[in-house]
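# Chains, contacts and geometry: an overview
Next come the chains, spelled out residue by residue.
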Amino acid sequence: NEEQEYDEEEKKAIDKGKELFAKSKKMNNGINVSHLGSHLGSLSGSGSGSGTGSDWRSGSIKSPDSKVEMKMVHIDGESLCSGVATTMVDASVEECLAYRMLWFGSREAKKRMNHIMKAEVLQINDHSLYYITTRKFPYPLYPREARVRITWMKEENGRAIISVSDTNDIIKDYPVKDGHVLGSVHSVWIFEPADPIKSIGERSKTAVTFVTRFDAGGFIPARAMKFLCKRFLSQASDLQKRFDRTKEIAKNKRRRDLEVDRTALHNLINIMKKIPQDYEQSEKEAIRYAKKFFARCVTQSIKNGIKLKSPDKKVDMKMVHIDGESLCTGIAKTVVNASVEVCAAYRMLYDDVKQKRQHVMKSQVKRINDHSLYYITTRKFPFPFKPREGQLKVTWMKTKDGKMIIDASDTLEILNKYPVKDGHVLGSLHTVWIFEPITPKNSVGGLEKTKVTFVARFDARGNFPTKALNFLCKRLLTQASDLRKNFSKSQMIIADNKAEEQVGEDKEVQNPVKNNKPSDRSNKLKLEVILKEKTNHNSREIERKFLSRMRLKKVDDNTLIIASKPVPGSSEQPKETTITKISRVGEKEAKVEMMTKLSLGKKVTKDDVKKSMRKHLSIGNEAAFYFINLLKSDELKEADGKVVGAQLMLRVKDRAKGRSKEETVKAFTKENRALRELVEKYEFFEPMLVAIVESKLKGTQQVGGRAESLE
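Quick look at the structure, then. (Residues numbered from 1 in each chain as written. Predicted model: local features only at pLDDT ≥ 70, side-chain atom pairs only at ≥ 80, totals over all residues. Heavy atoms only, no water.)

Right, let's talk about the pairing of strand β19 (residues 428–438) for a bit. By the criterion of burial, β19 is predominantly enclosed, with eight of the eleven residues buried. Bridge count for strand β17 (residues 404–410) against β19 is six bridges, and the pairing is antiparallel. Bridging from a neighbouring strand, M404 pairs with F435 of β19. Here β19 runs beside strand β20 (residues 449–459); their pairing, made up of eleven bridges, is antiparallel. Within β20, the residue paired with E436 across the bridge is K451. (Buried < 20%, exposed > 50% of the residue type's maximum accessible area, 1.4 Å probe, protein only. Helix = DSSP H or I, 4+ residues; strand = E, 2+ residues; numbered from the N terminus. Pairing = 2+ DSSP bridges.)

Structural data, given as structure tokens:
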């Protein structure tokens, strides 16, 4: 924001930087490279670049960073070399400019440029500085020193320039050391604001060009100069990595895409539930034929179906195929934890969600109306088969009995607009989705569930063996598994999933809430809990699994009871019976009383029982600590403070091996909200806690002597 005043010498340095940048553009485009060499030679006062240009070697350097392009020009055997690096940085022009100016002499520069033996910065004013360096060169070359003046300038068009050029102003104060060689360097950084189209969201982006010309002095082979040039140009890569927001941008893009997809899904669900649809005669015929096709395929699969090994144990798959033919029929059945409208809307928008598969080379969706669309795809088939294209018309309809039907069948309506590509084959596909609602009394906990049946018949057009069709059919039917998995993640039903996946064949456990009356559901909750516990016994690690049926009951407005009983099983199986009473004491205070009875099975010692009992009873303490950690500093009472202190000392005592007390204290203050607020408000607070824990905090002492002698 502040205006800068430049003297004549600084203006000349900036002008030379602009001239070097203008020549670099020609080099970057591969035009008249020898002119850049002679220009660079004239700038340095060297005759190295004064040749005809036939001796100049130019070309791209293999950049260590894929986001940075590097090029160089060099005469074999000469010490003069020039290079250009271009990249795009996820930061504003001012951020890039400030970072580069502060980079000289910084810790980051010393750490990154390990070949710099010595570096010193002398600040001249707000826009200029001297930079004195000594660089280590590969044996048998002597170290090179440099004395440069660095100046930055910002132009009216938003562009910023940093010019780095040799100077003799400080050569008397900083003479060249014996045995060292004084090198010559001229570099320029150009920071140009990117076009708005290239900027993603509100993030500024800057096009960065770094041009450098250095004369290391002496006779240096081309291989060594290429290495040195790449090392110089890597500074552009450091700048790019410092502000790289690729992951953040990708994350924000995914979040925005997810929000758009979620909005589209909710809108379509609302249309399916509330808005009546007007269907054309062709669409009604397609749905009518889909029902007949579905019934015929189901019957055929029962008679001649071959059961496929499904990748999802909750999806049944079957296939019907005649060996040698390209026509194949498959059927998949599953149950989804969502309503029929949600399932149907998700399937209609599935291709918009862009869940790309490796075998789908290209896909495109063209919407017709609220209930129909065109779906154009190109799929990659295993060698030696050619890619297959598909052109489908997809239509959904809701029946009077609450079912949803989605029909996807071949269409020729868009063949003229989207002709088949040369070398591709137009395949044939007909799929039908049937979504049947499962009534609440048959679904777990009264939640909506849907029985899904997916039928697919495809003609890949060609002579396919059964093994290949088996693979292709299974790949197509996995769409039913994708649908099931999507809603099993977002809508977990603990009672149902735990019972089916972990308890097994105990039918009473599989549906723990099936005997609940509707009137009881308001104050009761039942679920299955599996608790795994690991203990060490005689240098052996023993794992115990407690399987319990837990029930929550609300006695009155101030009292809750949680009771857990072991699921009937083997007498040797570990068992736990627990009753926990939670009573309201105040607005933000509750009293917890807990009683537990353990049976660890056979061949256990008294010490094992004590350790296990201590672990189980510590749940109450952990709950208390959890809620205390959520309190603000002004909400914390004296008693709570004592609990926090005890918790901290316990954490320090039980810290992991190799972890220091200081690391433990810092981690604890981040978890506790009240302590975190105090650390942010008072800088001394965290060091004081560390000193207390390490027993280094001492009382006030009387000292003598002068004040400046105190440490």
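Looking now at the packing of aromatic side chains. Where two aromatic rings form a pair, the distance of their centres and the angle of their planes describe that pair. All chains considered together, the criterion is met by eight aromatic pairs. Seen from their ring centres, Y289 and F293 are 6.5 Å apart, and the 20° between their planes marks the pair as stacked. Placement of both Y289 and F293 in helix α7 (residues 281–304) is noted, with a separation of four residues, approximately one turn of the helix. Since its relative accessible area comes to 44%, Y289 is described here as partly exposed. Each ring, one from W433 and one from F435, has its centre 5.9 Å from the other, and the planes form 10°; the classification is stacked. For the residue pair W433 and F435, the accessibility class agrees, reading buried in each case. Chaining the aromatic ring pairs together yields one cluster made of W189, F191 and F210. (Phe/Tyr/Trp six-rings, centres within 6.5 Å; stacked < 30°, edge-to-face > 60°.)

Our focus in this paragraph is the nonpolar core. One finds W396 and F435 to be the most contacted residues of the largest nonpolar core, which totals 60 residues. The contacts of F435, once residues within four sequence positions are left out, are V340, C343, A344, R347, K403, M404, I406, T450, K451, V452 and L483. (Core = buried A, V, L, I, M, F, W, Y, C linked by side-chain atoms within 4.5 Å. Contact = heavy atoms within 4.5 Å.)

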